[in-house]
Number of protein chains: 2
Amino acid sequence: MNGIEIVSTGYAKIEKTLDNQQLEQMVETSNEWIVSRTGILKRHLSDKSSAFLAIEAAKKATQNQDLSQLALIIVATMTPENNTPSNACLVQKALGLNHQSMMCFDINVACSGYVYALKVAQSLLEENQYGLVIGSEQLSSIVDYQDRNTCILFGDGAAATLIKKSQKLFFSYLDSDGNEEVLFSKRNDYLKMKGQDVFKFAIKAIPLSIDHVLNQAKMTLNDIDYVICHQANERIIKHVYKKYQCSSEKFYMNLQEYGNTSAASIPLALAKMNEQGLLQKGMKIILVGFGGGLTWGAILMEW
Amino acid sequence: MNGIEIVSTGYAKIEKTLDNQQLEQMVETSNEWIVSRTGILKRHLSDKSSAFLAIEAAKKATQNQDLSQLALIIVATMTPENNTPSNACLVQKALGLNHQSMMCFDINVACSGYVYALKVAQSLLEENQYGLVIGSEQLSSIVDYQDRNTCILFGDGAAATLIKKSQKLFFSYLDSDGNEEVLFSKRNDYLKMKGQDVFKFAIKAIPLSIDHVLNQAKMTLNDIDYVICHQANERIIKHVYKKYQCSSEKFYMNLQEYGNTSAASIPLALAKMNEQGLLQKGMKIILVGFGGGLTWGAILMEW
């Protein structure tokens, strides 16, 4: 099959955290309220740009790897360091890969960025070629820490996946509906969202996406080892696994520790799962993105 | 061949212009200096966002076209209206195409954005599918009109191309070298450039790109009807056609009227050429992008 394989993963370590107790001092909220409505205990905040974080993640993912066949670097981000150069070009430079021929570019699909980027990479890569697909966000640069509806949700993060073209399973479904009311952020303004509308959108978009790729693969959720959703909110993910009458273990979650890191959340989950030894060769996983645009979609692949 | 065909084109009309005489009143420069160094006579400036311009271009390119098989919208821009939603999603909404399944996303490859986006679209589209590939920039939002090195160069613009998967010729070469010194713009800051270094980069990158796709196609410049370079500077393009000992007519230029519109310049040239009846079925053209990143590349295709 015309698929891809994830060879290695890496993520940026961000020391500084913002926990619910600290948020209680900043806006009118409480730890209990945040935990019950979102499942989030803390977020990581970076003083450094999303390009800096992408570079750190990329260096970790590419440690001891042969990069001679690397043909592309894609960074999914809605908080790039620059208008130009792209984060991807800065990663290329930092890895010492200038003068090796490759495509480097950023894509913006908000929280669906990683699944979109993975599909774009899969379609661009030719036999024997490798790609680096990164999700990286400094969301703290567009979060209003006086707005209790959003500042409790978002965190900074970056994770990278080194992929190669392979014959493994690969099914994808990516979709979008233009909408500037539910979730939006002007270029020089804060992120704003209508929480209930996002919730309603998400609990529709996730099962729709999962069902699409399962149908393509002629599989059921029983054939899948892990579903890794964009880590927006525990209530969204709980709603989905209950709908499928499926065990919570199948739906990986680390949003407790990181909050919503937008395009970084899925590769960050993959990198953490990989570090924890949860992913074994041959396992079947589904990645599900959803977010601003509105955009959503899923990829069913083999680890 | 696994190529694409450009079905129709459209561009945004921007009434407001800024000519060299007006610039003489704003910064220490002169019409003679600007014309001799750049070839530019005027630029168009828009009060409206790059999403607004992309929508206008998209509406014109899709007039009277069957969009039922449209599977993706890509907007190449380094001046998006929002952090989220993407310009592409706003185009989808404005065309009344919400609820039709498609991928919508923005890519940022600066002035190489259109050729990169066209390659991405070509690789994503499946048989019988259509795509909308747009370059759209409101560069006036990041140009410092007190900096005479840059404000004389850039203009706003947007153009859209409706493409479909086809068996026509398609050869591509896309490359990059991370660099944040020659041409750069922090997210909330003006565009800055070292003009001489950009010139040196461009006169190397353009022939390199042209030669790459000609070699792939086993053709020479004699087989090509038009070379459409990113419209950065007349001196750059002149240098290239002189190097090839080639007539100036083969290298289309409209930078006199528009200045450098970054990702919009190549589709804008295509749309104007199309309007002028210069492009005939079966003609072979080469599109050449180069710019911030640094990024560059070419596509050889059949009209």
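Rules behind the numbers
Residues numbered from 1 in each chain as written. Chains lettered and ligands numbered in written order. Predicted model: local features only at pLDDT ≥ 70, side-chain atom pairs only at ≥ 80, totals over all residues. Heavy atoms only, no water. Domains from an automatic or database assignment. Contact = heavy atoms within 4.5 Å. Buried area = accessible area lost by both parts, 1.4 Å probe. Salt bridge = Lys/Arg side-chain N within 4 Å of Asp/Glu carboxyl O. Polar contact = N/O pair within 3.5 Å; in protein donor to acceptor, adjacent residues only side chain to side chain. Helix = DSSP H or I, 4+ residues; strand = E, 2+ residues; numbered from the N terminus. Core = buried A, V, L, I, M, F, W, Y, C linked by side-chain atoms within 4.5 Å. Buried < 20%, exposed > 50% of the residue type's maximum accessible area, 1.4 Å probe, protein only. Phe/Tyr/Trp six-rings, centres within 6.5 Å; stacked < 30°, edge-to-face > 60°. Lys NZ or Arg CZ within 6 Å of the ring centre and 35° of its normal. Pairing = 2+ DSSP bridges. Axes fitted to C-alpha atoms, helices over the stretch in contact; angles between N-to-C directions. UniProt positions renumbered as here; feature names shortened; annotations may be inferred. Nonpolar A, V, L, I, M, F, W, Y, C, P; charged D, E, K, R; others polar.

Now for the domain arrangement of chain A. Residues and elements named next belong to chain A. On domain assignment, one finds that chain A holds domain 1 (3-166) and domain 2 (170-302). Each of domain 1 and domain 2 was reduced to a C-alpha centroid, and the two centroids are 16 Å apart. In this complex, domain 1 contributes 49 residues to the contact, which on the side of domain 2 involves 47 residues. The junction of domain 1 with domain 2 conceals about 3800 Å² of combined surface from both sides, 64% of it contributed by carbon and sulfur atoms. Area buried by domain 1 at its contact with domain 2 is led by Y11, C111 and V115, which between them contribute 17% of it. Taken together, the connections running from domain 1 to domain 2 amount to 2 salt bridges. With a shortest N-O distance of 3.0 Å, E5 and K281 are connected by a salt bridge. Across the domain 1-domain 2 interface, the total number found is 20 residue pairs in polar contact (both at pLDDT 80 or more). Mapped onto the side of domain 1 that touches domain 2, the elements with two or more residues apiece are β1 (3-11), α2 (31-38), β3 (42-44), α5 (113-124), β7 (130-137) and β8 (157-166).

With that settled, the discussion passes to the nonpolar core. With 76 residues, the main nonpolar core has A:F105 and B:F105 as its most contacted residues. Apart from residues no more than four positions distant in its own chain, B:F105 is found in contact with A:I107, A:N108, A:V109, A:Y116, A:V120, B:I73, B:I74, B:V75, B:S86, B:A88, B:V120 and B:L124. One finds B:L23, B:V182, B:A205 and B:I210 within the second-largest nonpolar core, a separate group that totals 53 residues.

Tallying each qualifying case throughout the model produces 6 aromatic pairs over all chains. Ring geometry for A:Y116 versus B:F105: centroids 5.8 Å apart, planes at 75 degrees, classification edge-to-face. With A:Y116 in helix α5 and B:F105 in strand β6 (residues 103-108), this pair bridges two chains. Plain terms: the ring middles of A:Y241 and A:F251 are 5.9 Å apart, the flat faces sit at 50 degrees to each other, and that makes the pair tilted. Of this pair, A:Y241 sits in helix α7 (residues 234-243) while A:F251 sits in the loop between α7 and α8 (255-258), and the two are 10 residues apart along the sequence. Residue A:Y241 shares its accessibility class with A:F251, and that shared class is buried. A cation over an aromatic ring shows up here: A:K60 above the ring of A:Y11, its NZ or CZ 5.9 Å from the ring centre.

Another aspect to go through is the environment of A:L67. All names here are of chain A. Note that L67 resides in the loop between α3 (50-62) and β4 (70-76). Spatially, the C-alpha atom of L67 lies 9.5 Å from that of Q129, the residues being 62 residues apart in sequence. Apart from residues lying up to four places away in sequence, L67 is in contact with T62, L97, Q100 and L162.

Residues and elements named next belong to chain A. Spatial strand order, β9-β14-β13-β12: 4 strands in an open sheet with mixed pairing. In this open sheet, the two strands that pair with only one neighbour each are β9 (170-176) and β12 (226-229). This sheet shows a mean twist of 10 degrees between the axes of neighbouring strands, independent of strand direction. Relative to strand β14 (residues 295-302), strand β13 (residues 284-291) is paired through 8 bridges, and the arrangement is antiparallel.

Moving on to the UniProt feature "active site" (unreviewed entry) in chain A. All names here are of chain A. Those residues carrying the UniProt feature "active site" (unreviewed entry) are C111, H230 and N260 in this numbering. The named residues occupy 150 residues along the chain; their greatest pairwise C-alpha distance, 8.7 Å, places them in one compact cluster. Along the chain, C111 falls in the loop between β6 (103-108) and α5. If we skip the residues at most four places from it in the chain, C111 touches H230, N260, S262, A263, G289, F290, G291 and G292.

Time to look at unusual backbone geometry. Residues and elements named next belong to chain A. With an omega of 0 degrees, the peptide bond between T84 and P85 qualifies as cis. By secondary structure assignment, the location of P85 is in the loop between β5 (82-84) and α4 (87-94). The phi angle at N64 is positive, at roughly 60 degrees, despite the residue not being glycine. As for its position among the elements, N64 is in the loop between α3 and β4. For N64, a relative accessible area of 81% corresponds to the exposed category. In the Ramachandran plot, Q245 falls in the positive-phi region, its phi being about 50 degrees despite a non-glycine side chain. Looking at where Q245 falls in the secondary structure, it is placed in the loop between α7 and α8. Overall, Q245 belongs to the exposed group, its relative accessible area being 77%.

Contacts between the two partners involve 54 residues from chain B and, on the opposite side, 54 residues from chain A. On the chain B side of the interface with chain A, the three residues burying the most area are B:N83, B:T84 and B:R187, jointly 19% of the side's total. Between B:K93 and A:E180 there is a salt bridge whose closest N-O contact spans 3.6 Å. Inspection of the region where chain B meets chain A yields 39 residue pairs in polar contact (both at pLDDT 80 or more). The greatest single-element share of the side of chain B that touches chain A, amounting to 6 residues, is contributed by β6(B). Tallied by class, residues from the side of chain B that touches chain A come to 22 nonpolar, 21 polar and 11 charged. Here β6(A) pairs with β6(B) via 3 bridges, running antiparallel. Following the sheet pairing, A:I107 is matched in β6(B) by B:I107.

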